[in-house]
Amino acid sequence: RAWPRAITGGCLPLQRRGTGHRAMAASGDGGRQAPGAWASLPVSLEELCLGHTLPVGQTFRWVETREGAFTGVIGSRAYEMEQMEDSVRYRVVARGGGAEGASTASDESRSDPSIEDAEVLREYFQLRLKLADFVEHWSGRDERFRAIKGYYPGARLLRQDPVECLFSFVCSSNNNIARIHGMVNTLCRLYGTELRRPSEGLGQGEDEKLGEKLYTFPTLEQLSQCTEEALRANGFGYRAKFITGSVSALNAMPGGGENWLLSLRDVPYKEASAALTELPGVGPKVAACVCLFSLDKFEAIPVDTHVWRLVKEHYKPELQEKKSLTPKLMDLAERALIDRFGPHAGWAHNVLFLSELAQLKKRLPEELQTPTKRKKTKKEVKKEEEESKGGAVKRKLV
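Note that the structure is predicted; figures quoted are calculated from it, not measured.

Asker: I'm lost on the overall build of the protein in this one. Help?
Answerer: Within the protein, the secondary structure is distributed over 19 helices and 5 strands. Considering only residue pairs separated by 6 or more positions, the protein has 68% of its internal contacts joining residues 24 or more positions apart. Counting every atom, the protein has about 19,500 Å² of accessible surface; 51% of that belongs to carbon and sulfur.

What follows is the structure in structure tokens.
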């Protein structure tokens, strides 16, 4: 299928390139890839669109270096990825000394890093799940989803490391994507481990083009070195006490905080969510984000202002008059989407969410855009105030 530029946006496939830039750019050493060589994930745009998955608020470790191309870090590997016509090409541009990979890494992949590099990506993007089947199912259940799905192909959910996901979203409180991105990168720079660039394979000048140094997200042990004062000095504000408080709480868990977080993958969603909200700085929305983006709770719905607006407009119009978003109303909004889309409602919500983002909603026809309240002009506000005062005077005279 040929996707119009207006629809694909950051997913616009790059032109097909010669084999010197593809998976075949490997050394002759038994078929192994040379350091920095390009490889390919055979996945269609309908199954994975980088621009609808990486820069939209699930993770804050990726930077778009040019249209359709992103550089970011997964575990102890830094990848450069590009959207192609019928695949996604990638290469590892830096790695740690003991680069951990997918939990399912085979013996063969451990002897050949390039195999494990691909496994890490398949697990991160959850490519074992066929998005097209979900989309077909949701389209049969919901008219709005059916109308907008073609504008946001390949919007997948990521399966992230729970420690990284938790602290990234602790930084998200009353924040925007750009500032969260900055805070997460600051944590990595201050407390993470610098990744090594390959000594060969990137090509002349390419190392410089990749920009600044790349770091792992810090482990709990590394985060234990941070203090509230140091974080405040680096712009984290009141979130500093939540970060240090959550580190302390996790370190006190029997068996260690990382194992405790991983164990939440094996309990029901609401149990995992309730456990997370016991941590400092973790409310219902942050807990839902961690559950959905790292703990395999596919029914979780992080209800923010975007989701709240679309639920009121398209699924629960009786909530239109509700002004404040309370935990009870967040539960009602979440339940509305679960009832409509089923046990993978979090995946469906991901597409609906994209249609509410300012930079992406404009590609929808006007009749499909969720209406937003127009901000009143100063003149209109003044007129309303005068009319209100006039009414008060009349009532007093009567």
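Moving on, there is more to tell.
Asker: Can you walk me through the pattern of salt bridges in this structure?
Answerer: Side chains bearing opposite charge may pair, as long as their charged atoms lie close to each other. Tallying each qualifying case throughout the model produces 19 salt bridges. A salt bridge links Arg 335 to Asp 339; the shortest N-O distance between them is 3.2 Å. Here the residue Arg 335 and the residue Asp 339 both occupy positions in helix 16 (residues 327-341), the gap between them amounting to 4 residues, near one helical turn. Using a relative accessible area of 44% as the deciding quantity, one classes Arg 335 as partly exposed. Judged by its relative accessible area of 49%, Asp 339 is partly exposed. A network of salt bridges, in which partner residues are shared, links Arg 66, Glu 80, Glu 82, Arg 89 and Arg 91.

Asker: Is there a simple way to think about unusual backbone geometry in this case?
Answerer: Of all residues except glycine, most have a negative phi; of all peptide bonds, most are trans. With phi around 50 degrees, Asn 174 is a residue other than glycine that occupies positive phi space. The phi angle at Asp 296 is positive, at roughly 65 degrees, despite the residue not being glycine. Among the secondary structure elements, Asp 296 is positioned in the loop between helix 14 (284-294) and helix 15 (305-314).

Asker: What should I look at first to understand the side chain of Gln 126 in this one?
Answerer: Take Gln 126: it is sitting in the loop between helix 3 (113-124) and helix 4 (131-141). For Gln 126, a relative accessible area of 1% gives the class buried. Among residues more than four places away in sequence, those in contact with Gln 126 are Arg 156, Leu 157, Leu 158, Arg 159, Asp 296, Phe 298 and Trp 347.

Asker: Sorry, what's going on with the pairing of strand 5 (residues 88-95) here?
Answerer: One face of the sheet, then the other: side chains in a regular strand alternate in exactly this way. For strand 5, the tally of buried residues reaches 7 of 8 residues, placing the bulk of the element in the interior. Alignment of strand 1 (residues 39-41) against strand 5, held across 3 bridges, turns out to be antiparallel. Its bridge partner lying in strand 5, Ala 39 is registered against Tyr 90. With 7 bridges connecting them, strand 4 (residues 77-83) and strand 5 associate as antiparallel partners. Residue pairing in the sheet places Glu 80 in a bridge with Arg 91 of strand 5. Taking the residues that link successive antiparallel strands as the turn, the strand 4-strand 5 hairpin has 4 residues.

Asker: What is the right way to read the packing of aromatic side chains from this model?
Answerer: Any aromatic ring pair is given by two values, namely how distant the centres are and how the planes are angled relative to each other. Under the definition given, this model contains 12 aromatic pairs. Here Trp 62 and Tyr 124 contribute two aromatic rings whose centre-to-centre distance is 6.3 Å and whose plane-to-plane angle is 40 degrees, an arrangement assigned as tilted. Placement of Trp 62 in strand 2 (residues 62-66) and of Tyr 124 in helix 3 is noted, with a sequence separation of 62 residues between them. Residue class for Tyr 124 comes out buried when judged on its relative accessible area of 6%. Site record: aromatic cluster; members linked through ring pairs are Phe 134, Trp 138, Phe 145, Phe 298, Tyr 315, Phe 341 and Trp 347. Sitting over the ring of Trp 38, Arg 89 keeps its end group 3.6 Å from the ring centre.

Asker: Just to check I follow, could you spell out the sheet that holds strand 4 for this structure?
Answerer: In a beta sheet, neighbouring strands pair by backbone hydrogen bonds and run either parallel or antiparallel. Here 5 strands make up an open sheet; going across it, the order is 1-5-4-3-2 and the pairing antiparallel. Edge positions in the sheet fall to strand 1 and strand 2, since each has one partner strand and no second. Ignoring which end each strand starts from, the neighbouring axes of this sheet average 30 degrees apart. Pairing of strand 3 (residues 69-74) with strand 4 involves 6 bridges; the strand directions are antiparallel. When the sheet's bridge partners are listed, Thr 71 is paired in strand 4 with Glu 80.

Asker: Teacher, can you tell me more about helix 7 (residues 177-191) here?
Answerer: Because the α-helix completes a turn every 3.6 residues, residues three or four places apart line up on one side. Spanning 15 residues, helix 7 covers 21 Å between terminal C-alpha atoms, matching the ideal 21 Å at 1.5 Å per step. Within the sequence span of helix 7, burial applies to Ile 180, His 181, Met 183, Val 184, Thr 186, Leu 187, Cys 188 and Tyr 191. Next to the buried residues of helix 7 lie strand 2, helix 6 (162-170), helix 9 (220-223), helix 10 (228-233) and helix 11 (239-251).

Asker: Quick question: what am I supposed to make of the pairing of strand 2 here?
Answerer: When strand 2 meets strand 3, the two strands line up antiparallel, connected through 4 bridges. Bridging across to strand 3, Trp 62 finds its partner in Gly 72. Linking strand 2 back to strand 3 in an antiparallel pair, the connection comprises 2 residues, with Gly 68 at a positive phi of about 80 degrees.

Asker: I'm lost on the confidence of the model for the protein in this one. Help?
Answerer: When pLDDT drops low, the exact placement of atoms in the prediction is not to be read closely. With 78% of its residues at a pLDDT of 70 or more, the protein shows a mean pLDDT of 85. A low-confidence stretch, residues 1-7 (pLDDT under 50), is modelled with 14 contacts involving residues beyond four sequence positions or located in other chains. Every residue in residues 15-31 is under pLDDT 50, and counting partners more than four places away or in other chains gives 35 contacts.

Asker: What exactly am I supposed to notice about the nonpolar core here?
Answerer: For soluble globular proteins, the rule of thumb is that nonpolar side chains tend to be buried together. Judged by nonpolar contacts, the single largest core of 80 residues is most densely connected at Leu 166, Phe 167, Leu 276 and Phe 341. No other element matches helix 14, which puts 8 residues into this core. In contact with Leu 276, not counting residues within four places along its chain, are Trp 260, Leu 261, Leu 264, Val 282, Ala 287, Val 290, Cys 291 and Leu 295.

About the thresholds
- Residues numbered from 1 in each chain as written.
- Predicted model: local features only at pLDDT ≥ 70, side-chain atom pairs only at ≥ 80, totals over all residues.
- Heavy atoms only, no water.
- Helix = DSSP H or I, 4+ residues; strand = E, 2+ residues; numbered from the N terminus.
- Contact = heavy atoms within 4.5 Å.
- Areas by Shrake-Rupley, 256 points an atom, 1.4 Å probe, with all protein chains shown as cover.
- Salt bridge = Lys/Arg side-chain N within 4 Å of Asp/Glu carboxyl O.
- Buried < 20%, exposed > 50% of the residue type's maximum accessible area, 1.4 Å probe, protein only.
- Pairing = 2+ DSSP bridges.
- Phe/Tyr/Trp six-rings, centres within 6.5 Å; stacked < 30°, edge-to-face > 60°.
- Lys NZ or Arg CZ within 6 Å of the ring centre and 35° of its normal.
- Axes fitted to C-alpha atoms, helices over the stretch in contact; angles between N-to-C directions.
- Expected span 1.5 Å × (residues − 1).
- pLDDT = per-residue confidence, 0-100.
- Core = buried A, V, L, I, M, F, W, Y, C linked by side-chain atoms within 4.5 Å.

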